[in-house]
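Residue-level listing of the chains:
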Amino acid sequence: MKTKNSESESLWKKASVANLVRYEPSGIYFARAKVRGKLIRKSLDTNVLTVAKLRLADVLDTEQKAVAPSQTKIVGKMIFADALAIFKERQKLATDIKDTTKAYNARAAFDLLKTWSGLEEMDVKRITKFDCLEWRAKFGKMYSPTVTNGTLSVLRRVLDIAVDSGARYDNPAKDKDVKRARVRRKELQLPEPDQFLALVNKVRTAGSRDSDNCGDAIEFFAYVGARLSEAAKIYGRDCSFLKNEIIIRGDPITGTKNWEMRRVPMIPEMRKLLERLQAERGEKEFLDNPVLKVRKFNRSLKNACKKLGLYHLTHHDLRHLFATRCIESGVDIPTVAKWLGHKDGGVLAMQTYGHLRDGHSANMAQKVIFGEVTTSDAVSLAKPNLPVVAPSESTNKTVAQAKAAYSYPWWASNEAIEVFWGQANEPVQIVTPPKYLQSAKAAMGREVFEQELTEPQALLDELAERVGASIIEKLKAKLVPFLKQQAA
């Protein structure tokens, strides 16, 4: 037989968000939480979950602010433990930070008390800049720069509570002399394309039960640039072959690191990988399950790198590899930042990947010229497997001779694909560089960067994949020079 209390409790249902419950008879959502030991339950005046989530944060924040000052007045003074308790309570009730962040801050608070003897019972008014400097110097020798900065951040936020409560005037941990630790940026030692293929092959042929799955996972990480926690949540149904994109949703409740879903285009290698996996597993199994059958493959990656003489790579290095490949292929940094899930418009990506790689940087350096350089409308373009026509005494004569070799004036065509195809196969630059670049963009149907024009054969191969063999054959027949026609 049910008691009165159990019947009453059955009327309330917990929502998917902490501190949020729904009253079943009416469907109205309520905030339900403990604030400084006192249980509160307050109506949010809505039966819509998304609206309730937004109102929940405001209600909890209001209740917390109402309690904190009253506690300070009752105590008469504030010791560090009091301020820390308020900080922990706010962390517990916060709906705008993830559980992993809360756990990290809790660990930082523990390390702070462990390394600062007597801090917990110290009156916040008696904490000086010198105390903070002494602790900072000691802590910095024991822990890494990132841990030092995280713990210093917690100290500052706890003392901010003391300032807001009127227990002290300023925050000594925010003094300009109490500095954050300098974090050295990791030097990226990433494999070249041929080394990456050798790495994947070495993992696949290792002979363990999950060798093939680990190889698939390494390729998947390198081709999508997702974080470790994000990649584990990508299902086959998130991979659209029709739209040629992958949806990264992250955790079902909290989403990605930035709380937002994002879409990453499916690069050709990724498409081949996913098509093979779908064919091997069957469409239903592929769609209803995570793409990755293994989440972590550190050991396989470490062993393969060691055997090949490569620098040890991690899961996150494969994310760096994706970004580096994209930038070296001509994708602009803001776009790469968007694919990675950064929300700073590319600032972090520029700091991390702006260096590119030594070989790419060396090629770009050849474009840097000091001093006067004579330019002309006709510039000879060096292309592999194509004869280079040496310019004569007159630039105009060189261009005229090049034009005379054709029966069809493609350089004056209104069809961008004809202008691009003609110039890409002509060693003498007949059209101006701006027109050549513009026609290349229109023909390819995407952004084309100036440095890509230095390797036209790669663009021609890509164009063939985009438009099909029949269009290419028509271009060859229409734009072929007289000499080649006679030879044919």
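Residues numbered from 1 in each chain as written. Predicted model: local features only at pLDDT ≥ 70, side-chain atom pairs only at ≥ 80, totals over all residues. Heavy atoms only, no water.

Asks: Run through the sheet that holds strand β1 (residues 12-14), naming residues and quoting values.
Replies: Judged by pairing direction, the sheet is antiparallel, and its 4 strands sit side by side in the order β1-β2-β3-β4 without closing on themselves. With one partner strand each, in any of the chains shown, β1 and β4 (38-43) form the two edges of the open sheet. Each strand of the sheet is rotated relative to its neighbour by a mean of 30 degrees, with strand direction disregarded. Of the pairings in the sheet, the one linking strand β3 (residues 28-35) to β4 comprises 6 bridges and is antiparallel in character. Across the sheet, the residue bridging to K34 is L39, located in β4. (Pairing = 2+ DSSP bridges. Helix = DSSP H or I, 4+ residues; strand = E, 2+ residues; numbered from the N terminus. Axes fitted to C-alpha atoms, helices over the stretch in contact; angles between N-to-C directions.)

Asks: Quick rundown of the packing of helix α18 (residues 416-424) against helix α19 (residues 433-444)? Include the residues and the values.
Replies: Contact pair α18 / α19: the axes reach a minimum separation of 8 Å and the direction vectors enclose 120 degrees. The angle between α18 and α19 places the two elements in the oblique class. As for the relative orientation of α18 and α19, their crossing is left-handed in sense. In this structure, α18 contributes A416, I417, V419, F420, Q423 and A424 to the contact, and α19 contributes K435, Y436, S439, A440, A442, A443 and M444. (Parallel < 35°, antiparallel > 145°, perpendicular 65-115°, else oblique. Left-handed = near helix turned anticlockwise from the far one by under 90°. Contact = heavy atoms within 4.5 Å.)

Asks: An account of unusual backbone geometry is requested, with residue identities and associated values reported.
Replies: Backbone geometry follows two general trends: most residues other than glycine have a negative phi, and most peptide bonds adopt the trans configuration. In this structure, N19 takes a positive phi of about 70 degrees despite not being glycine. Within the secondary structure layout, N19 lies in the loop between β1 and β2 (20-23).

Asks: So, the sheet that holds strand β6 (residues 245-248): which residues are in play, and what are the values?
Replies: Across the sheet, which stays open at both edges, the 3 strands sit in the order β5-β6-β7 with antiparallel pairing between neighbours. Of all the strands in the sheet, the pair left with one neighbour each is β5 (239-240) and β7 (262-265).

Asks: Talk me through the pattern of salt bridges; I want residue IDs and the actual numbers.
Replies: Applying the stated criterion across every chain yields a total of 27 salt bridges. Across the salt bridge formed by E275 and R271, the nearest N and O atoms sit 3.1 Å from each other. Remark: R271 and E275 occur in helix α10 (residues 268-281); sequence separation between them is 4 residues, near one turn of the helix. Exposure remark for E275: the relative accessible area of 37% places this residue in the partly exposed category. Across the pair D288 and K284 runs a salt bridge whose closest N-O atoms are separated by 3.1 Å. Highlighted residues: D288 and K284, both in helix α11 (residues 283-288), separated by 4 residues, approximately one helical turn. We classify D288 as partly exposed; its relative accessible area is 37%. By sharing partners, the salt bridges in this structure join R204, D212, D216, E219, R276 and E280 into a single network. (Salt bridge = Lys/Arg side-chain N within 4 Å of Asp/Glu carboxyl O. Buried < 20%, exposed > 50% of the residue type's maximum accessible area, 1.4 Å probe, protein only.)

Asks: Pulling in residues and values, what's your account of the packing of aromatic side chains?
Replies: Taken as a whole and assessed by the stated rule, the structure comprises 12 aromatic pairs. Considering the side-chain rings of W116 and W135, the 6.2 Å spacing of their centres and the 20 degrees angle between planes classify their relative orientation as stacked. Residue W116 is found in the loop between α4 (99-115) and α5 (129-142), and its partner W135 is found in helix α5; the two are separated by 19 residues along the sequence. Residue W116 is classed as buried on the basis of its relative accessible area, which comes to 9%. The class of W135 is buried, set by a relative accessible area of 3%. For the pair F196 and Y223, a centre-to-centre distance of 6.2 Å together with 65 degrees between the ring planes defines the contact as edge-to-face. Placement of the pair is F196 in helix α7 (residues 193-204) and Y223 in helix α8 (residues 211-224), with a sequence separation of 27 residues. Every member of this aromatic cluster is reached through a ring pair, and the members are W116, W135, F139 and Y143. (Phe/Tyr/Trp six-rings, centres within 6.5 Å; stacked < 30°, edge-to-face > 60°.)

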